[in-house]
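So the chains spell out like this:
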Amino acid sequence: MNSLVSIIIPTYNHAKYLYKALKSVVGQSYKNWEAIVVDNYSDDNTELIVKSFNDSRIKFLKIHNNGIIAASRNLGIKSSRGRWLSFLDADDWWYSKKLEKCIVELNKGAQIVCHAENWIKNNQVIRTVKYGPKDKADYHNLLYRKNCFSTSAFIVERDCVLNVGGFTENILAVGVEDYHLWLKLAKEEYKSSFIDEVLGCYRIYNLNYSANIYRQLKS
């Protein structure tokens, strides 16, 4: 039996995107998964979107996360049953072979796998991003150079995440809580692997980019 993958999907008022995200999960060639949608009490039709799939593998939880998305992800992790954890933001989506190809790498001995993504803006690919490489994913390089992982392209052994305490819920880390987790995992020297093939899409918005950069640097 192939190992169960638990997919954690935090969301808040993203019903217009959530259907595509969940459809990309349901359409995976690798079928042994559970998806845990963790909703921050949205006031749109998020719950109806989830229920429309009528799939027992999709679970729906609610939480008041007070603006701390890490709390939503940690609730999903706590409720998960899989050997592997995969994260998918509600406005991103995957291609059908994503889980299958990541599992191949995990079965070779990797504990963390990250694949390439297309960055999408206004329904067009504006950039293809390859993460890593492996020799830049150690603790020192992550801390002093830059992040080389992406949340929606990331899959990891659940025990590794539990061993480092999951995502920090410190309000000062809002916006970089994923980067903080990657640092904790790298410090423990868990084995990582990178796939240069594009297996998912990351959605870019018309936001105040300068303000976001300042906020992330501060975090």
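The preceding data block contains the structure.
The text that follows walks through the structure, step by step, so that each part is easy to find. (Residues numbered from 1 in each chain as written. Predicted model: local features only at pLDDT ≥ 70, side-chain atom pairs only at ≥ 80, totals over all residues. Heavy atoms only, no water.)

## Section: the pattern of salt bridges
Okay, step 1: Summed over all chains, the structure comprises eleven salt bridges.
Okay, step 2: Note that Asp135 is salt-bridged to Lys136, the shortest N-O span being 3.9 Å.
Okay, step 3: Given a relative accessible area of 52%, Asp135 falls into the exposed group.
Okay, step 4: One salt-bridge network, in which partners are shared between bridges, spans Glu34, Lys59 and Arg81. (Salt bridge = Lys/Arg side-chain N within 4 Å of Asp/Glu carboxyl O. Buried < 20%, exposed > 50% of the residue type's maximum accessible area, 1.4 Å probe, protein only.)

## Looking at the side chain of Glu157
Okay, step 1: Counting through the fold element by element, Glu157 comes out in strand E8 (residues 154-157).
Okay, step 2: Of the side chains with opposite charge, Arg83 lies nearest to the buried Glu157, which makes no salt bridge, at 4.4 Å.
Okay, step 3: Dropping the residues within four chain positions of it, Glu157 is found in contact with Arg83, Trp84 and Gln111. (Helix = DSSP H or I, 4+ residues; strand = E, 2+ residues; numbered from the N terminus. Lys, Arg positive; Asp, Glu negative; His and termini not counted. Contact = heavy atoms within 4.5 Å.)

## Brief notes about the packing of aromatic side chains
Okay, step 1: For the coordinates displayed, the defined rule picks out eight aromatic pairs.
Okay, step 2: Among the aromatic side chains, those forming a connected cluster through ring pairs are Phe149, Phe154, Trp182 and Phe194.
Okay, step 3: One residue, Lys20, lies across the ring of Trp93, its end atom 4.0 Å from the ring centre. (Phe/Tyr/Trp six-rings, centres within 6.5 Å; stacked < 30°, edge-to-face > 60°. Lys NZ or Arg CZ within 6 Å of the ring centre and 35° of its normal.)

## Regarding the nonpolar core
Okay, step 1: Counting residues in each nonpolar core, the largest one holds 32 residues, and the members touching the most others are Phe87, Phe149, Phe154, Val156 and Leu185.
Okay, step 2: Within the residue set of this core, elements represented by two or more residues are strand E2 (33-39), helix H3 (69-79), strand E4 (84-87), strand E6 (112-121), E8, helix H6 (158-163) and helix H7 (177-187).
Okay, step 3: Considering each element in turn, this core owes the most residues, five residues, to H7.
Okay, step 4: The next biggest cluster of nonpolar side chains, apart from the first, holds 29 residues, and it includes Val50, Leu88, Ile103 and Ile155. (Core = buried A, V, L, I, M, F, W, Y, C linked by side-chain atoms within 4.5 Å.)

## Section: the pairing of E4
Note on strand geometry: in a regular strand, side chains alternate between the two faces of the sheet.
Okay, step 1: Neither face of E4 is exposed, since Trp84 and Ser86 on one face and Leu85 and Phe87 on the opposite face are all buried.
Okay, step 2: As defined by bridge partners, strand E1 (residues 5-11) adjoins E4 across four bridges and the pair is classed as parallel. Looking at E4, one finds that Ile8 is bridged to Phe87.
Okay, step 3: When E4 meets E8, the two strands line up antiparallel, connected through three bridges. Note that in E8 the partner of Ser86 across the bridge is Ile155. (Pairing = 2+ DSSP bridges.)

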